[in-house]
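# Working through the structure, step by step
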Amino acid sequence: MSDVPDRLNIDKKDRDLYNKLDQEEILRFKGGKRTRKEQFLLALSFGLKNNVSKPLNAKEGWFLTKDLNEEDKAILNSIALYNTKSVEVLNRKSEVFKIAEEYAHAGIRLLFDLMNSVQFGSFNKRLELDVINNFNKLSLNDVNE
Amino acid sequence: MRIDNIRLLNYRQFRDVEISFTSQKKHDLHLIIGKNGSGKTNFLNALNWCLYGDEPHLSIQSKLLPLLNLNAISSAEEGADINVEVEVRFVKEQVYICFVRKAIFKIFKSEDFPVHQSTEFEATISAEDMNSKILNEEEAKIQLERFIPSGIRDYFFFDGERLDNYFKEAKGQNIRDAIITISQIELLESKIEPRLDDILKELRRAAGRMNPKLDNTTQLLEEAKDRYKNLKKEIQGCHKEIAISKKGMENCDRNLKGVPDIERIEQELHQLRADKKHTKEFIKEYIGKKANILFDSSICVQLAPSFQYSLQVVKEKRINKEIPPPASPVLLESSLKNNQCTICARELDSNAKNHVEEMLQEIKLSSEIANQLINIEYPLKNCLDRLKHNLKELHELTRSIDSKEKELDKIEERMDQIEKILKQCNVENVRKWFEQRKGYEEEHGKKQRQLGVLEERQKKLQEKIAELENEFNEEMKKEVKNKELSKQINFCKKSLEIVTKTKEVIMHETKKKIESKTKDLFFELIWKKETFADIEISDDFDINLIHFMGYSCLGSISAAERELLALSFTLALHDVSGFESPIIIDTPVARVSDENRENLGKVFSNVSKDKQTILLFTPSEYSDDISKEIERIRSNKYVFNLSAAENEVVLKEEKYV
């Protein structure tokens, strides 16, 4: 038996927060707009951006690792590498996933708070503004050439 | 000739009313004021009933009621005979002519309506210095025809609504008939001309009986002439229908003046609705696209530092040769196997072959970690590339959405404008007018084409008739025995030509006189002296008012101007006909706006200097605008009120203060 987990988890308490993301069209799971994996990745990105991660108290399987494509896998590896600053982590898949889960656990709360902090109908605008601001802070030419 | 007195006995809502029209001033102007339903129009009907035996202005409500006064019926005993009597007394130079029409009804309580027994019509001529002369029905009718011929009474007693409608219907034929009546050429038209034609036919037939060839030509000639007559009638009918459709178009144009083209506007609205739907769908689609990009970008941009860090690690490891170069082992193996570069197809020399073998070795020997690092390199670079591209696309999409939203605002603004326009006008009526106009236009075109065909046929038939007549004449010349008959035929033909020519000349002269007089009167009375240039009565007897810019403007003038034109034409008819009868107009300013009432007041004031004028107003029509002109010059003024039971007119005369 491989020790590689077959699923990625969230904290059980986060399920309600994920369900509440349906309030915003852009984040909605119902109706097939977004997948659980996509919601998870967004939450994860919020956690990483704000450099907060939190261990899960009670796990709940959220989606299967077979749903991860090459890009998703690269993203999760990249986050683990960034978090540990050690390439060795790439050989430990369960740790890679754990790091992602902990960032997502912290990030979903941040995402939910952001969603509630803005006026109805202006979430997308806020998101757009943040994307532009964050993009402007990046120097994308260094590594990407 | 003026009306001196009218007495109405048991006629509709008039139980026993006597109205005198005494001219006390230089203006022979009299007023009757009454609310709607008080009996003004029935007063006009009473005049017509007395003089001509009919009631042309009867309302639908009055048609349901008996001629006999309701109070007279209810107070009558069973089986009693009750009279309805209207007496109109005219006066001219101390000679009185009194026309009386009397209808006798028997009352049976079992019947809904009184039963008509008989009607009598007679006239009495009297003067101070002569014995009264009573005229029986036929004599009275002849006498009346000398004052106001029944054929043109419409030009003497009419209501204001009709004044406004005067030129709305095709009046050409009616005006032609009126001109025939006042030219007094009816005898030529209806008696002499047909009789001469019959005699000519008989003479030709007589000639035909003596010579078979002449007989054949006569038959062909008669057939051709019959066909010609029918064709002429068809052409006249065609002209009439063309005139009707032309007037119809003018009426519609008048109604539609300043009114938006509903059909076009509704088409525009329909298009705008489709555009709105399309634009909304476009915006929705772009917002959806933008949301997807935003979602993806949000993840990428927040994770970008980790991507950059990871790519830096990969880069360093590659520099330190800790990970193999980025190449596919499959491609390398294929190149070695074929001794040729799989990408550029160049043959591998020994150096290249060694290099490829080394690369392949390096890849095969790399660690699991190195492989992981290789595997993250491309997807992460792709994420960052996509992020850059996404930012550009976000900008483009935002611009497109903004532009489409502005477009949507404009569409909605125009839709609001159109809906306001549609609310302001009576869409049903406007649509009806547009449809009517279209119908008239089609009919006009159709009849014009038909007329062209008929006129062509008429021309050919004329040539055929001339040819046959020529043939007939040539043959007659050969007939030495029939010289007398030939003379008679020629005489008859010439007489017919003279009659026809005379008729045409008189008609033309009369028409010219009426045209000239109408022009004089109209330009004397019109308040806009510079606007109009001329008045023409066409060959089809249609009246055209020419604007100073040169175009026919009858369809676009105001109701007051149209009424003045009708009045001028009527007065011209009076003048040219020599019938010095009064003019009686019910609701003369019904369609006239307030500012023009004053103008019309002045017109009536002028007209009443030479002609007895009786005007019937409702109290609201007799507003300050018109009363300030009329009140100081008028002679009699009567007010019609209804009794408490509202079935009888109570007359009150108002003296001038």
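Quick caveat: nothing in here was measured; it's all calculated off a predicted structure.

Quick look at the overall build of chain A now. Tallying secondary structure elements over chain A gives six helices and two strands in all. Shown N-terminal to C-terminal, the secondary structure of chain A runs as helices and strands in the order β-α-α-β-α-α-α-α. For chain A, the proportion of its 145 residues judged to be buried stands at 33%. A sequence separation of at least 24 residues applies to 71% of the contacts in chain A between residues at least 6 apart.

A few words on the sheet that holds strand S2 (residues 14–20) of chain B. Residue and element names in this part refer to chain B. Pairing within the open sheet is antiparallel, and its six strands lie in the order S2-S1-S4-S5-S6-S7. Two strands bound the open sheet, and with one partner strand each, they are S2 and strand S7 (130–135). Direction aside, the axes of adjacent strands within the sheet are offset by 15 degrees on average. Examined bridge by bridge, strand S4 (residues 81–92) and strand S5 (residues 95–106) share twelve bridges and lie antiparallel to one another. Looking at the pairing, Glu85 lines up with Lys102 of S5. Its contacts with the sheet place helix H1 (residues 40–52) against strand S1 (2–11), S2, S4 and S5, and it is angled at close to 90 degrees to S4. Those strands touched by helix H4 (residues 137–147) are S4, S5, strand S6 (115–127) and S7, and its axis lies near 60 degrees from that of S6.

A few words now on the nonpolar core. Counting 86 residues, the largest nonpolar core has Ala46(B), Val88(B), Phe99(B) and Leu573(B) as the members making the most contacts within it. The leading source of residues in this core is helix H15 (residues 559–577) of chain B, at ten residues. Excluding its chain neighbours within four sequence positions, the residues that come into contact with Leu573(B) are Ile152(B), Tyr155(B), Ala178(B), Ile182(B) and Ile514(B). In terms of nonpolar packing, the next biggest core, distinct from the first, is built from 54 residues, Leu127(A), Val131(A), Cys300(B) and Leu373(B) among them.

What follows concerns the packing of helix H3 (residues 70–84) of chain A against helix H12 (residues 368–424) of chain B. Put simply, H3(A) and H12(B) touch, their axes get as near as 8 Å, and they point 105 degrees apart. Judged by the inter-axis angle, H3(A) sits roughly perpendicular to H12(B). For the pair formed by H3(A) and H12(B), the contact residues are Glu70(A), Glu71(A), Ala74(A), Asn77(A) and Ser78(A) on the first element and Gln372(B), Asn375(B), Ile376(B), Pro379(B), Leu380(B), Asn382(B) and Cys383(B) on the second. Considered class by class, the residues forming the contact of H3(A) with H12(B) number five nonpolar, five polar and two charged.

It is worth spelling out the packing of helix H5 (residues 123–137) of chain A against helix H9 (residues 262–319) of chain B at this point. Closest axis-to-axis distance for the H5(A)/H9(B) pair is 9 Å, and the angle between their directions is 40 degrees. With respect to each other, H5(A) and H9(B) are oriented oblique. Regarding H5(A) and H9(B), the two cross each other, and that crossing is left-handed. Of the residues in H9(B), those in contact with Asn124(A), Leu127(A), Glu128(A), Val131(A), Asn134(A) and Phe135(A) of H5(A) are Ala291(B), Leu294(B), Ser297(B), Ser298(B), Val301(B) and Gln302(B).

Counting residues at the interface gives 31 residues for chain A and 36 residues for chain B. For the side of chain A that touches chain B, the secondary structure elements donating two or more residues are helix H2 (36–49), H3, H5 and helix H6 (141–144) of chain A. Per element, the largest residue contribution to the side of chain A that touches chain B is nine residues, and it comes from H3(A).

Before going further, it helps to examine the environment of Met476(B). Residues and elements named next belong to chain B. Among the secondary structure elements, Met476 is positioned in helix H13 (residues 427–478). For the pair Met476 and Ala207, spaced 269 residues apart in sequence, the C-alpha to C-alpha distance is 8.1 Å. Ignoring any residue separated from it by four or fewer positions in sequence, one finds Met476 in contact with Ala207, Asn482 and Ser486.

Turning our eyes to something else, we now look at H3(A). Taking 1.5 Å of rise per residue, 15 residues should cover 21 Å, and H3(A) covers 21 Å from first to last C-alpha, within 8% of that figure. Every buried residue of H3(A) is accounted for by Ala74(A), Ile75(A), Leu76(A), Asn77(A), Ser78(A), Ile79(A), Ala80(A), Leu81(A) and Asn83(A). Looking at the buried residues of H3(A), the elements they touch are H2 and helix H4 (93–117) of chain A together with H9 and H12 of chain B. Just past H3(A), the residue Lys85(A) takes up positive phi, approximately 55 degrees.

Below, the discussion takes up the environment of Lys464(B). With respect to the secondary-structure elements, Lys464(B) resides in helix H13. Exposure remark for Lys464(B): the 16 C-beta atoms within 10 Å place this residue in the partly exposed category.

All names here are of chain B. Across six bridges, S1 lies against S2 in antiparallel orientation. Each residue of the ladder has a partner; that of Leu9, found in S2, is Asp16. The loop that links S1 with its antiparallel partner S2 comprises two residues; one of these, Arg12, has a positive phi angle of about 45 degrees.

Below, the discussion takes up the confidence of the model for chain B. On average, residues of chain B score 84 in pLDDT, and 95% of them are at 70 or above. The ipTM for the predicted assembly is 0.95, set against a pTM of 0.51.

On to the environment of Asn636(B), then. Residues and elements named next belong to chain B. For Asn636, the location among the structural elements is in the loop between helix H17 (624–630) and strand S13 (637–642). Along the chain, Asn636 and Lys655 lie 19 residues apart, while their C-alpha atoms are 7.3 Å from each other. The residues touching Asn636, leaving out its near neighbours within four places in the chain, are Ser20, Phe21, Thr22, His30 and Glu653.

So, how was this worked out
- Residues numbered from 1 in each chain as written.
- Chains lettered and ligands numbered in written order.
- Predicted model: local features only at pLDDT ≥ 70, side-chain atom pairs only at ≥ 80, totals over all residues.
- Helix = DSSP H or I, 4+ residues; strand = E, 2+ residues; numbered from the N terminus.
- Buried ≥ 20, exposed ≤ 12 C-beta atoms within 10 Å, placed from the backbone.
- Contact = placed C-beta atoms within 7 Å.
- Pairing = 2+ DSSP bridges.
- Axes fitted to C-alpha atoms, helices over the stretch in contact; angles between N-to-C directions.
- Core = buried A, V, L, I, M, F, W, Y, C linked by C-beta atoms within 7 Å.
- Parallel < 35°, antiparallel > 145°, perpendicular 65-115°, else oblique.
- Nonpolar A, V, L, I, M, F, W, Y, C, P; charged D, E, K, R; others polar.
- Left-handed = near helix turned anticlockwise from the far one by under 90°.
- Expected span 1.5 Å × (residues − 1).
- pLDDT = per-residue confidence, 0-100.

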